[in-house]
Amino acid sequence: MRQVHSFAAGQWIAPGAGARPIESAITGDVIAEAGNDALDVTAMRGFARETGAPALHAMTFHDRARMLKAIALHLREHRQVLYDLSFDTGATQSDHLFDVDGGIGTMLVFASKGRREMPDAQVYLDGAPEQLGRSGQFMGQHICTPLQGVAVHVNAFNFPVWGMLEKLAPTLLAGMPAIIKPATATSYVTEACVRLMIESGLLPDGALQLIAGGTGNLLDQLDCQDVVTFTGSADTASHLRDNENLRKNAVRFTAEQDSLNATVLGPDAIPGTPEFDLFIKETVTEMTTKAGQKCTAIRRIMAPEAQVEAVLDALSQKLAGITVADPRDAGTRMGALVSNAQKMDVLVKSDQLATQAERVFGDPERFSMADSPGAFLPPMLFYCADPDAATVVHDVEAFGPVSTVMPYRDVNHAAALLNKGKGSLVASVITRDVHVARDLTLASARFHGRLYFNNRDSMAEATGHGAPLPHMVHGGPGRAGGGEELGGVRAVKHYMQRTAIQGSPNILTGITGQWVPGAAEAVESAHPFTRPFADLNVGDTLHTPARTITMDDIDTFAHFTGDTFYAHMDEEAAAANPFFPGRVAHGYLLLSFAAGLFVQPDPGPVLANTGLDNLRFMKPVQAGDSIKVRLTVKAKTPRNTDYGEVRWHVTLTNQLDEAVAEYELLTMNA
């Protein structure tokens, strides 16, 4: 029998008093035990805060991103052990890909976003600086810094790897240590994954700990620097929310819980269209993947009244082709539920659904695995003829391969039925009609964390109704928990404190590591384009001589480029325009002349100009005006050992020192 260990304060601790048995979903046999009532959770919290947090805080976002990538690649190299263990959870090989490979892929996405969208620094800038004083010498800036405590992740049984990694990746990227508490039923898979990460040597001490079993009084010890995340049932979420200490100390708490996710067949998606076939395919996939044990699985199926019979027939035919068997067999399409206890819960909930809906497919007493000691069930399809009068189909979630079809009259009725679920993680709509998509969005978006639209145009690339992507938010309002996970850098901010800092440009520059206009400039004798990346400093500035703009310049640029817009060529028409005093220079002529003023032409460290951001033209320039340029190093971001990105703040001023244009130039420098 497998002993599922906890990893606490740097030590692996075997099960002890209070250990619970864990059954195989396939055979019902006890295969493991987990839990230890004597686990010192106080020491675990202290180890995270005193050892893990300082080590992570000392790293930059890029350091942590590189660490995440290395861990993900290590897990990918050793994922077979996770596949092998996962069969006993009832999962098939394709389910493993969703869980194991999906979790690894999510970690890689956060690693990439950390390098591309976050600075190589310890402070994250949230938005642009705000000028709070008239002269620009009193500024404001929102920043994010990692919390000082520990993130406690209480996870569900259905995704023992992805469920952990999708929370752990943004936590570590933010610079916060984590204590993972997996559901006991599948904790042996999570433990194996944690062992791989710990034994890789890639994590600082204290960055990751594991509780196999109960959390004891850990939640009673947390404060405003800690975070609790939960995935699971609404009842357990409510119990955690009621913790007096969490409320008293305003501990951050986010929940992802029960969700009666729905799918809508658009009125245009009639039988014979690619959309109808897609609807049937995606619905069957969502009913049977992980035996329906997905927080995003489709529980309610909405079809136009005229198409209900076709939908019921098509779904029944497809479900009849689903092989329910031992998940280790290559031909198995759907394995077992996680445990016989979970199977009984689904049967109880199915009986409740049957009080207001008719079961039209799937008999749990008469199917191929009915006599198995394992936690097997067939896909079960119900039909609710009157979804307006029904309540159970909108309130009860059977967390297994169970869905209910219901008719709708028009788009407004479909939206009303969607909203009766009182909040979901995801709703999908299969339609090619943009008006249907817009109407449903306006009527129902506020009830869902994600709206997924698919049709013949997008289906080759679409990832599916039930696939949360790390780039997009995952969570939902109301009964879905009101929480939010994933969503790129948004998820990282959940483990940081947003703080408004105020002060002079010099103070803001010193805190953030990015030059703020008005801060001190350093003028070196050597042209900045002749200096390698490592020798450039934030605030290094070049002031160029002035260049006078002539009417011949404007005419030549207009005819050479073909840009003969009247504001540049017709004095009378330009003067009639409220923005121009008469003929003016092209904005892009000014940018071109600016480059001519600051560029150093010889081969050197500047490898490429990769673009410009935040371009603004503030004041028109006429013939006879002159322009000069201030070029300042705003920020530096290493990209690899050979080159890094330099962000330059560029300001063009006229002969009266009035700003006429401003932008940020990006270059790659050796």
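These lines cover the structure that appears in this document, whether it is placed above or below. The shown structure was predicted, so the numbers you read here are calculated from the model rather than taken from an experiment.

A word on the overall build of the protein chain. For the protein chain, the count of helices and strands is 20 helices and 29 strands. Seen through its principal axes, the protein chain has C-alpha atoms that stretch 90 × 60 × 45 Å. Residues counted as buried form 55% of the 670 residues belonging to the protein chain. A total accessible area of about 27400 Å² is found for the protein chain, and carbon and sulfur atoms account for 51% of it. The distance from the centre of the 55 positive side-chain charges to the centre of the 76 negative ones in the protein chain is 2 Å.

What follows concerns the packing of helix H2 (residues 61–77) against helix H6 (residues 187–199). One way to put it is that H2 packs onto H6 with a least axis distance of 10 Å and a crossing angle of 125°. On the basis of their axis angle, the class for H2 and H6 is oblique. Judged by the twist between their axes, the crossing of H2 over H6 is right-handed. Here H2 contributes Ile71, His74 and Leu75 to the contact with H6, which in turn contributes Cys193, Leu196 and Met197. A breakdown of the residues in the contact of H2 with H6 according to their chemical character gives five nonpolar, one polar and no charged.

So, on to the layout of surface pockets. Reported here for the second largest pocket is a volume of approximately 1000 Å³. Lining the second largest pocket we find 39 residues, and of these Leu125, Gln514, Lys634, Arg647 and Glu664 sit closest to its centre. Listing elements by their share of the lining of the second largest pocket, those giving two or more residues are helix H4 (93–117), strand E6 (124–125), strand E8 (139–146), helix H15 (489–493), strand E26 (606–617), strand E27 (626–638), strand E28 (644–653) and strand E29 (659–669). Tallied by class, residues from the lining of the second largest pocket come to 16 nonpolar, eight polar and 15 charged.

Let's shift gears to the nonpolar core. One finds Val311, Leu381 and Leu440 to be the most contacted residues of the largest nonpolar core, which totals 63 residues. Those residues in contact with Val311 that sit more than four places away from it in its chain are Leu265, Phe276, Phe279, Ile280, Ala303 and Val405. Leu75, Cys144, Val492 and Tyr495 belong to the second-largest nonpolar core, a separate cluster that totals 60 residues.

With that settled, the discussion passes to the sheet that holds strand E1 (residues 2–4). With respect to topology, three strands assemble into an open sheet ordered E1-E5-E4, the strand pairing being mixed. Of all strands in the sheet, those bounded by a partner on one side alone are E1 and strand E4 (20–23). If you compare each strand with its neighbour and ignore which way they point, the axes differ by 30° on average.

Attention now moves to the packing of aromatic side chains. Scanning all chains against the criterion turns up nine aromatic pairs. With 5.9 Å between their ring centres and 90° between their planes, Phe157 and Phe399 make a pair best called edge-to-face. A residue pair is termed long-range when its members are at least 10 positions apart, and Phe157 in the loop between strand E9 (151–154) and helix H5 (162–174) and Phe399 in the loop between helix H12 (392–395) and strand E18 (402–408) qualify at 242 residues. For the pair Phe157 and Phe399, a shared accessibility class is recorded, and that class is buried. Taken together, the aromatic side chains of Phe98, Phe159 and Trp162 make up a single cluster linked through ring pairs.

What counts, and at which threshold
Residues numbered from 1 in each chain as written. Predicted model: local features only at pLDDT ≥ 70, side-chain atom pairs only at ≥ 80, totals over all residues. Heavy atoms only, no water. Helix = DSSP H or I, 4+ residues; strand = E, 2+ residues; numbered from the N terminus. Buried < 20%, exposed > 50% of the residue type's maximum accessible area, 1.4 Å probe, protein only. Areas by Shrake-Rupley, 256 points an atom, 1.4 Å probe, with all protein chains shown as cover. Lys, Arg positive; Asp, Glu negative; His and termini not counted. Charge placed at Lys NZ, Arg CZ, Asp CG, Glu CD. Axes fitted to C-alpha atoms, helices over the stretch in contact; angles between N-to-C directions. Parallel < 35°, antiparallel > 145°, perpendicular 65-115°, else oblique. Left-handed = near helix turned anticlockwise from the far one by under 90°. Contact = heavy atoms within 4.5 Å. Nonpolar A, V, L, I, M, F, W, Y, C, P; charged D, E, K, R; others polar. 1 Å grid on protein atoms, 1.4 Å probe; cavity = no way out; pocket = protein on both sides within 12 Å on 5 of 7 lines; lining within 4 Å. Points joined across faces, edges and corners; volume = space filled by probe spheres on them. Core = buried A, V, L, I, M, F, W, Y, C linked by side-chain atoms within 4.5 Å. Pairing = 2+ DSSP bridges. Phe/Tyr/Trp six-rings, centres within 6.5 Å; stacked < 30°, edge-to-face > 60°.

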